[in-house]
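# Coordinates in review
Chain by chain, the residues run as shown.
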Amino acid sequence: MSLNLIGLRTVASFSARKLLMNRRWMLVMLLGGLVALVMGYAATEDGANMDFASDLMVILLLAFLLPVLSLIYGASMIRNEMDDRSIVQVITAPLDRRFSYLGYYIGLVMVLCLLVTVVTLVGGLAFLAFSPEREGGAQLIITFITLQYLGVLVYSALFLLIGTLMRQPIYLGLIYIFIWEGFIGSVPGSIGNLTIRHQLMVIASELTEYGSVAWTSGDWAVSSLALVILTIALVLAGAYVFRQEEVS
Amino acid sequence: MSNVVEARMLSKWYGQVIGLNNFSIDVPKGITGIVGPNGAGKSTFFKLLTGNIKTNVGHLRVLGEEPWQNPSLLAKIGFCPDYDFLPPDLNGREYLRFVAGLHGMEGLRTVDRVNEVLSIVTMTKDADRAMGGYSKGMRQRIKIAGALLHDPELLLLDEPLTGTDPLIRKEIIDLVKDLNKVHGHDVIVSSHVLHEIERMTHQVALIYKGRSVASGDISEIRRLMSDHPHNIVLEGRGLVPLAQTLLTKPYTSSIELRPDRLGMFVRVDRPEEFFDALPELVAGTGAELERVESLDDDLESVFRYLVG
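Please read these numbers as outputs of a predicted model, since none were measured by experiment. (Residues numbered from 1 in each chain as written. Chains lettered and ligands numbered in written order. Predicted model: local features only at pLDDT ≥ 70, side-chain atom pairs only at ≥ 80, totals over all residues.)

Here the focus is the overall build of chain B. The helix and strand tally for chain B stands at ten helices and 13 strands. In terms of overall dimensions, chain B has a C-alpha envelope of 80 × 45 × 35 Å along the principal axes. Out of the 308 residues in chain B, the part that is buried amounts to 40%. The long-range share in chain B, meaning contacts at least 24 apart out of those at least 6 apart in sequence, stands at 68%. (Helix = DSSP H or I, 4+ residues; strand = E, 2+ residues; numbered from the N terminus. Buried ≥ 20, exposed ≤ 12 C-beta atoms within 10 Å, placed from the backbone. Contact = placed C-beta atoms within 7 Å.)

Structure representation (structure tokens):
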């Protein structure tokens, strides 16, 4: 195996381990607990069914937890290492910085996929535990986990790039999530379609028949392609920025 | 290739702050000490050598290659920074495995090499403990082990003695000497304390305010230090006759006697001659000295003198 591939694997595995060892997991547990509580409570309400569960998952997972977790982990990943200067080990190794960046990205994606899986399972199972209707529940959970994996790919690429570019990436990230994805995304018309969340919902409409998300208009193939292209463009841009960056 | 580093008219600035200013130096093979006070530009120089930052102006060659955006050069360089960056939750062996992976090393060869460098830095016994519990000296040694792991031609050690106690200093100084003598690595080591560097090497470069103010054999530097004017404080009794005698000596440029006559400041051009003659002058004038102290024996004043 070439030096760059061994190095990429090393950066991915050690950065993933570092993220998982970080105290932020307490925040994740808190958010996961909140999701489980809300979904468990909602399941006890009259008329709770899979449509209701699907709508809840869109709000709690797709619109909130997925981008927020991606921001918390992605924006701080390389930026924190630059700030505490632990990045020195990576940037003084004979590894092309573009491969190092890809290693960080893969590590981030692995960790976020693990976290969204756990939170979605906990939230989904909490709903199913209290809901009188359970048919289609497992399929719905799997659908939302799959959707979030795709979301993780895009959001990770976006927030890792912002974290590499900026010293205070959290503010821009929050503005993006709550203003662009939240506010602009809810504006009627075509501008509202220019969000990652909307593209994920278009894909969701193809994967599930439950909830209002099933009625989202759009071509799931075009949305998938758009997200893949966006992800690749963001990763390439991040790798370029990281290669050009002076680290003092 | 006779020099491991060649820098010509290098300048590096960070916004309004100048890190290096028209900095030129040739670093030969062997051990070379880079000496300068804090903020002189030593760390900036190391960052340029490792390609972490790029020069604004000038020409830099490390092992014959341009360092900026040149990852293959880093296979020949081992860098140990002056700050602490070790992950506290990893143990020493895990950390070295991480470093090995970054250098494209894997398999049995890596296990053997990790054991070998742990032995070189005498950390075998503590290699399986979490690094968060390491002492300063242990952390320095494991950092050096990380820099050594891929068997580089050139080792860059930025202030490896900072914050260590005298015993650890001796161990690290001996280790640096061995790294060159026994293991054949060329070493560039920095410090803000000249005598620490002097115990490792006679080849020294002095940096002050981003400029290389002198380089060469340490005896030359010593000569420069002894040649520059010194302000010396003398305290005791019977100083007036001593002051009168000193004023007749060619190396004395001025004397300022305190009003209480129990102390004086003497400015001398050639301190070595002054210190050689002082015992005889004291005995001849009957003065009783309680304190003799040069106010200019620190590096900072030598640098100020060298840069005018």
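When helices and strands are tallied, chain A shows nine helices and zero strands. Listed N to C, the secondary structure of chain A is α-α-α-α-α-α-α-α-α in terms of helices and strands. Scaling as 2.2 N^0.38, a compact globule of 248 residues should have a C-alpha radius of gyration of about 18 Å, and chain A matches this with 19 Å. Pairs at least 24 residues apart make up 81% of the contacts formed inside chain A by residues separated by at least 6 positions. (Rg over C-alpha atoms; globule rule 2.2 N^0.38 Å.)

This brings us to the interface of chain A and chain B. Opposite the 24 residues of chain A that make contact, chain B presents 24 residues. For the side of chain A that touches chain B, the secondary-structure elements that each account for two or more residues are α1 (3-21) and α4 (88-91) of chain A. In terms of residues, the side of chain A that touches chain B owes the most to one element, α1(A), which gives eight residues. Of the residues in the side of chain A that touches chain B, the class split is eleven nonpolar, six polar and seven charged. (Nonpolar A, V, L, I, M, F, W, Y, C, P; charged D, E, K, R; others polar.)

Right, let's talk about the pairing of strand β8 (residues 203-208) of chain B for a bit. Residues and elements named next belong to chain B. Taken across its six residues, β8 has five buried, putting it largely inside the fold. The pairing of β8 with strand β9 (residues 211-217) spans six bridges and is classified as antiparallel. Counted as the bridge partner of Q203 is D217 from β9. From the end of β8 to the start of β9, which pair antiparallel, there are two residues, and K209 there has a positive phi angle of about 50°. (Pairing = 2+ DSSP bridges.)

A word on the nonpolar core. By size, the foremost hydrophobic cluster in this structure holds 147 residues, and its most contacted members are B:A145, B:L156 and B:V176. Per-element accounting of this core gives the leading share, 18 residues, to helix α3 (residues 50-83) of chain A. Not counting chain neighbours up to four residues away, the residues in contact with B:L156 comprise B:F46, B:L49, B:T50, B:I77, B:G78, B:F79, B:C80 and B:I188. Of all hydrophobic cores here, the second largest spans eight residues; its members include B:I232, B:L246, B:V266 and B:F274. (Core = buried A, V, L, I, M, F, W, Y, C linked by C-beta atoms within 7 Å.)

Before going further, it helps to spend a moment on the environment of A:S156. Residues and elements named next belong to chain A. With respect to the helices and strands, the residue S156 is situated in helix α6 (residues 137-165). In this structure, the C-alpha to C-alpha distance between S156 and S70, residues 86 residues apart in sequence, is 5.7 Å. Excluding anything up to four places from it in sequence, S156 contacts S70, G74, Y105, L108, V109 and L112.

All names here are of chain B. Look at helix α5 (residues 166-181): 22 Å from first C-alpha to last across 16 residues, which is about the 22 Å you get at 1.5 Å a residue. Among all positions in α5, only I172, I173, L175, V176 and L179 are buried. On an axial view of α5, the arc spanned by its buried residues comes to 160°, and they lie on one face. In α5, those exposed residues whose orientation departs by more than 90 degrees from the buried face are P166, L167, D174, D178 and K181. Each element contacted by the buried residues of α5 is listed here: β3 (31-35), α4 (136-148), β6 (154-157) and β7 (186-191). (Expected span 1.5 Å × (residues − 1). Arc of directions from axis to C-beta.)

Residue and element names in this part refer to chain B. Unusually for a residue other than glycine, E159 sits at a positive phi of about 50°. Following the sequence through the fold, E159 ends up in the loop between β6 and α5. The phi dihedral of K209 falls on the positive side, at around 50°, and the residue is not glycine. For K209, a count of 16 C-beta atoms within 10 Å corresponds to the partly exposed category.

All names here are of chain A. Orientation of helix α2 (residues 25-43) relative to helix α5 (residues 97-130), taken along the N-to-C sense of each, is 25°, at an axis distance of 7 Å. As far as their axial angle goes, α5 and α2 are roughly parallel. In the packing of α2 onto α5, the handedness of the crossing is right-handed. Counting all contacts with α2, which are made through V28, L31, G32, V35, A36, M39, G40, A42 and A43, the residues of α5 involved are L115, V118, V119, V122, G123, A126, F127, A129 and F130. Of the residues assigned to the contact of α2 with α5, the class counts are 15 nonpolar, three polar and no charged. (Axes fitted to C-alpha atoms, helices over the stretch in contact; angles between N-to-C directions. Parallel < 35°, antiparallel > 145°, perpendicular 65-115°, else oblique. Left-handed = near helix turned anticlockwise from the far one by under 90°.)

The subject of this paragraph is the confidence of the model for chain B. When pLDDT drops low, the exact placement of atoms in the prediction is not to be read closely. Model confidence for chain B is summarised by a mean pLDDT of 88, while 94% of its residues fall at 70 or above. Interface confidence for the predicted complex, given as ipTM, is 0.87, next to a pTM of 0.85. (pLDDT = per-residue confidence, 0-100.)

A few words now on the domain arrangement of chain B. Entries for chain B in the domain assignment read domain 1 (3-224) and domain 2 (228-306). One C-alpha centre belongs to domain 1 of chain B, the other to domain 2 of chain B, and the line joining them spans 40 Å. (Domains from an automatic or database assignment.)

This paragraph deals with the sheet that holds strand β13 (residues 288-294) of chain B. All names here are of chain B. Here four strands make up an open sheet; going across it, the order is β11-β12-β10-β13 and the pairing antiparallel. In this open sheet, the two strands that pair with only one neighbour each are β11 (252-257) and β13. The average angle at which neighbouring strand axes cross in this sheet is 20°, direction not considered. Relative to strand β12 (residues 263-268), strand β10 (residues 230-237) runs antiparallel, the two being bridged by six bridges.

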